[in-house]
Amino acid sequence: MKFGVKLPHTGPFASAEAIARTAVACEELGYHSLWVRDSLTRKPMDVKFHFTAGSMAAWERHEGPIVPDMYESVSTLCYVAGMTSRMELGSSVVILPLRHPVWLAKTYATLDRFCGGRSILGVGIGSPPYAKQEFAALGETRFMGRRGAVVDEWIAIMRQTWEQDSVDYDGQFITIRDAVVYPKPVQDRLPIVYGGMGDAVMHRIARDLDGWYIQWLPPERLAREWAELQGLAAGYGRAPSELVLYTEYWMAIDEDGDRARAEEQAISRASFDYGGTRDMPTLTPEQREIFEHASRVSLAGNGQEVLEKVVEYGDAGVDHMVLRPVADDVEHMIDRLTQFKEQVMDRYPGTVAA
C-alpha cells in the first residue's frame, strides 16, 4: 500500500508556507504522494467545516474573520512539484465539467512535465449544492443536469489532446477542429481516476479509467464494491491490475486514543451537520451512509489502533490511502504525520518502499 497526504491548501492554516512545509516534510518522511481538492467558490463557513487539514480547535483559536482561502488545485501541485522529487501529485478531485477539456489537458501535461511524470488526475462531477454555485459563478449552467455525460466527453477529448498531434472532435457539447496542443505529458498514459459512486460511475471507471477514488467507506463495503468494479473491468476486457483503489480518511494519531477519536469526531459531526447536509433531500442513501460512517472508518486512535485499521483496509484491497491530518497547527500536523510514519507505515508489512 502507498500512503499520501492531503495538503493544507484550505482550512485553518492554509498558506503557501504551510503547503511548502508539508510537501518537504512528507518527502523527507517517505510518504508516496501529495493531494489537493478542487473548488472554484467557497464562503467562510464552507471552509470552516470542509477543509483538507486542521481541526475544530484550530478554528476556535483563529483570530479575526475567516478568509475562505482555497488555493487552486493544479497551481498548488505545480508549486510543490519543484520542491519534491519522487512523490506522486494528485487531485481528488477536479470538478471536470467546470473546466475546458483542452485547457485542463494542457495544464495537466505541463504539471506532468514539471514533476517528471508523477501526476495523477482525479476527476468528478462535484456535489450538487456547490456545483450549482460554481456553474453560476462561471455564468455557465447548461451542463448542470448533464455532468456525467460531459465528463465522458471531456475525458475523451483530454486523451486525444495528450496522445495525438492535433485534436478533431465532434461531440454533444463541443466541437474542436485542428487543435495542436503541446506539451504532451511525460507519461505515456497519464492516470485518470474517478471520485464518486453509482452504477454509471462504476461502468465509466471499469471501461475507460485508471482507478477509483473514494472516501469514508468501511472496509467490508469497500471490499464488496471493489470486487464488483474489478468484475465489471473484466467484462470490458481489462485486467484487474489496470485499476488502482484510492481511499481517503481523516487521520488523528495520539498516545491517548480517546483524545484522537474525539478530535476526529468533532470534525465529522460538524461537517455533516453544516448547512443542513444531514437533512438534504438530494442526499442519496449511498452518500448518507458515507457521512454517517465517517467517524467509524477514520484512522483515529493510538498507533496500534490505527495500524489495525490500516490492516483492515489493506485486506479490503486498498492500494493507495490518502490521509487528511487532524491537527491544531502546522507543527502538530507534521508531528502526527511523523507518528503515523513511525507507528503505522514502518510497521505495516504491505507498505510500498518509497
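Just above sits the structure.
Residues numbered from 1 in each chain as written. Predicted model: local features only at pLDDT ≥ 70, side-chain atom pairs only at ≥ 80, totals over all residues. Heavy atoms only, no water.

Asks: How would you sum up the overall build of the protein? Please name residues and give values.
Replies: In terms of helices and strands, the protein carries 13 helices and 12 strands. Projected onto its principal axes, the C-alpha coordinates of the protein cover approximately 60 × 45 × 40 Å. Every one of the 354 residues in the protein was classed for burial, and the buried ones make up 56%. Taking as baseline every contact in the protein between residues at least 6 positions apart, the subset at least 24 positions apart corresponds to 74%. When the accessible surface of the protein is split by element, carbon and sulfur atoms take 51% of a total near 14,400 Å². For the protein, the separation between the mean place of its 37 positive charges and that of its 51 negative charges on side chains is 4 Å. (Helix = DSSP H or I, 4+ residues; strand = E, 2+ residues; numbered from the N terminus. Buried < 20%, exposed > 50% of the residue type's maximum accessible area, 1.4 Å probe, protein only. Contact = heavy atoms within 4.5 Å. Areas by Shrake-Rupley, 256 points an atom, 1.4 Å probe, with all protein chains shown as cover. Lys, Arg positive; Asp, Glu negative; His and termini not counted. Charge placed at Lys NZ, Arg CZ, Asp CG, Glu CD.)

Asks: Which residues make up unusual backbone geometry, and what are the values?
Replies: Residue Val 93 follows Ser 92 across a cis peptide bond; omega there is 0 degrees. Within the secondary structure, Val 93 sits in the loop between β3 (88-91) and β4 (94-95). With an omega of 5 degrees, the peptide bond running from Tyr 182 to Pro 183 counts as cis. Looking at the element boundaries, Pro 183 is found in the loop between β7 (175-179) and β8 (192-195). With a phi close to 70 degrees, Trp 216 is a non-glycine residue in the positive phi region.

Asks: Kindly report on the pairing of strand β5 (residues 119-124), identifying the contributing residues and their values.
Replies: Among the 6 residues of β5, 6 are classified as buried, and the element is accordingly described as predominantly covered. Residue alternation in β5 divides its side chains into two sets, Ser 119, Leu 121 and Val 123 and Ile 120, Gly 122 and Gly 124, and both sets are buried. Two strands pair when backbone bridges link them, and β3 and β5 are joined in this way by 2 bridges, in the parallel orientation. Bridge pairing in β5 links Gly 90 to Ile 120. Tracing the backbone out of β4, into helix α5 (residues 101-114) and back to the parallel element β5 gives a crossover that is right-handed. Summarising the sheet, β5 and β8 pair through 3 bridges and their orientation is parallel. (Pairing = 2+ DSSP bridges. Right-handed = clockwise from strand over helix to strand, strands pointing away.)

Asks: So what's going on with the pattern of salt bridges? Which residues, and what values?
Replies: Enumeration according to the criterion identifies 23 salt bridges in this entry. One salt bridge in this structure joins Glu 248 and Arg 324, with 2.5 Å as the shortest N-O distance. Here Glu 248, found in strand β10 (residues 244-253), pairs with Arg 324, found in strand β12 (residues 320-325); they are 76 residues apart in sequence, far enough to count as distant. Arg 324 shares its class with Glu 248; the two are buried. One salt bridge connects Arg 336 with Asp 254, and the closest N-O pair in it is separated by 3.4 Å. With a gap of 82 residues between them, Arg 336 in helix α13 (residues 330-345) and Asp 254 in the loop between β10 and α10 (257-273) connect regions that are remote in the sequence. Judged by its relative accessible area of 1%, Arg 336 falls in the buried class. By sharing partners, the salt bridges in this structure join Asp 152, Arg 204, Arg 207 and Asp 208 into a single network. (Salt bridge = Lys/Arg side-chain N within 4 Å of Asp/Glu carboxyl O.)

Asks: Lay out the packing of aromatic side chains in plain terms, naming residues and giving numbers.
Replies: Inspection of the entire model under this criterion finds 12 aromatic pairs. Where Trp 154 meets Phe 173, the ring centres are 6.4 Å apart and the plane angle is 85 degrees; that geometry is what we call edge-to-face. With a gap of 19 residues between them, Trp 154 in helix α7 (residues 147-163) and Phe 173 in the loop between β6 (167-170) and β7 connect regions that are remote in the sequence. Among the aromatic side chains, those forming a connected cluster through ring pairs are Phe 51, Trp 216, Tyr 249, Trp 250 and Tyr 313. (Phe/Tyr/Trp six-rings, centres within 6.5 Å; stacked < 30°, edge-to-face > 60°.)

Asks: Explain the environment of Gly 257 to me, and be specific about the residues and the numbers.
Replies: Along the chain, the position of Gly 257 falls in helix α10. With a relative accessible area of 7%, Gly 257 lands in the buried category. Counting along the chain gives 162 residues from Gly 257 to Ile 95, while the straight-line C-alpha distance between them is 36 Å. Aside from chain neighbours lying at most four places away, what touches Gly 257 is Gly 301, Asn 302 and Glu 305.

Asks: Any chance you could break down the packing of helix α8 (residues 199-208) against helix α9 (residues 219-235) for me, citing the residues and the numbers?
Replies: Put simply, α8 and α9 touch, their axes get as near as 8 Å, and they point 50 degrees apart. Considering the angle they form, α8 stands oblique to α9. For α8 against α9, the interelement crossing comes out right-handed. Along the contact surface, α8 presents Met 202, His 203, Ile 205 and Ala 206, while α9 presents Glu 225, Leu 229, Leu 232 and Ala 233. (Axes fitted to C-alpha atoms, helices over the stretch in contact; angles between N-to-C directions. Parallel < 35°, antiparallel > 145°, perpendicular 65-115°, else oblique. Left-handed = near helix turned anticlockwise from the far one by under 90°.)

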